[in-house]
Amino acid sequence: MQLRTRSRVDRAKVLYERFCRRLARLGVRRDPWEGPSDFARRASQLVPNESQRIRQISDTYIALRYAPAPATILDRFAKEVSAFAARSR
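Treat the numbers as computed from the prediction; the structure is a model and nothing was measured.

(A) Broad picture of the overall build of the protein. The helix and strand tally for the protein stands at four helices and zero strands. Along the protein, helices (α) and strands (β) appear in the sequence α-α-α-α when read from the amino end. The burial tally for the protein puts 37% of its 89 residues in the buried class. In the protein, once contacts between residues fewer than 6 apart in sequence are set aside, the share between residues at least 24 apart is 54%. Per element, the accessible surface of the protein, about 6,500 Å² overall, is 50% carbon and sulfur.

(B) Looking closely at the side chain of Ser44. Assignment of secondary structure puts Ser44 in helix H2 (residues 36–46). Side-chain polar atoms of Ser44 contact the backbone oxygen of Ser51, separated by 3.5 Å. Those residues within four positions of Ser44 in sequence are excluded, and the remaining contacts are Ser51, Ile54 and Arg55.

(C) Structural view of the nonpolar core. If you look at the biggest cluster of nonpolar residues, it comprises 20 residues, and the most contacted ones within it are Tyr16, Phe19, Leu23, Ile54 and Phe77. Broken down by secondary-structure element, the contributors of at least two residues to this core are helix H1 (11–25), H2, helix H3 (51–66) and helix H4 (71–87). With six residues, the single largest contributor to this core is H1. Leave out the neighbours within four places in its chain, and Ile54 touches Phe19, Leu23, Ala40, Ala43, Ser44, Val47 and Phe84.

(D) Main features of the side chain of Thr60. When you line up the elements, Thr60 lands in helix H3. On the accessibility criterion, Thr60 (7% relative accessible area) is buried.

(E) Spotlight on the packing of aromatic side chains. According to the stated counting rule, one finds four aromatic pairs in the structure shown. Their ring planes at 45° and their centres at 5.9 Å tell us that Tyr16 and Phe19 sit as a pair that is tilted. Taken together, the positions of Tyr16 and Phe19, both in helix H1 and three residues apart, correspond to about one turn of that helix. Given a relative accessible area of 0%, Phe19 falls into the buried group. Taken together through their ring pairs, the aromatic side chains of Tyr16, Phe19, Tyr61, Phe77 and Phe84 make up a single cluster.

Conventions and cut-offs
- Residues numbered from 1 in each chain as written.
- Predicted model: local features only at pLDDT ≥ 70, side-chain atom pairs only at ≥ 80, totals over all residues.
- Heavy atoms only, no water.
- Helix = DSSP H or I, 4+ residues; strand = E, 2+ residues; numbered from the N terminus.
- Buried < 20%, exposed > 50% of the residue type's maximum accessible area, 1.4 Å probe, protein only.
- Contact = heavy atoms within 4.5 Å.
- Areas by Shrake-Rupley, 256 points an atom, 1.4 Å probe, with all protein chains shown as cover.
- Polar contact = N/O pair within 3.5 Å; in protein donor to acceptor, adjacent residues only side chain to side chain.
- Core = buried A, V, L, I, M, F, W, Y, C linked by side-chain atoms within 4.5 Å.
- Phe/Tyr/Trp six-rings, centres within 6.5 Å; stacked < 30°, edge-to-face > 60°.

Laid out in structure tokens, this is it:
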């Protein structure tokens with residue numbers, strides 16, 4: 001009998017990629033070698049009216065990705081990305 005394993009989707013990564021796509025639509029494309037902190041710094045300079053939200057979303061992503069975090073932070077992160085996505089349309 002083979003055990004089937006479902007690949008776990010990294011929700012934080014999926015949401016961050018969505019955030020990056022929204023920024024790309026605003027003319028700020030993330031380079032493949034660019035980490036979240038460097039990208040946030042550059043994006044904040046290029047889209048100054050959204051700089052606080054860009055930094056907040058990036059800081060939350062970093063906390064989710066690189067430190068153990070409860071699910072409530074992931075839910076808040078999803079709301080932040082959705083709100084940013086809605087405003088950048």
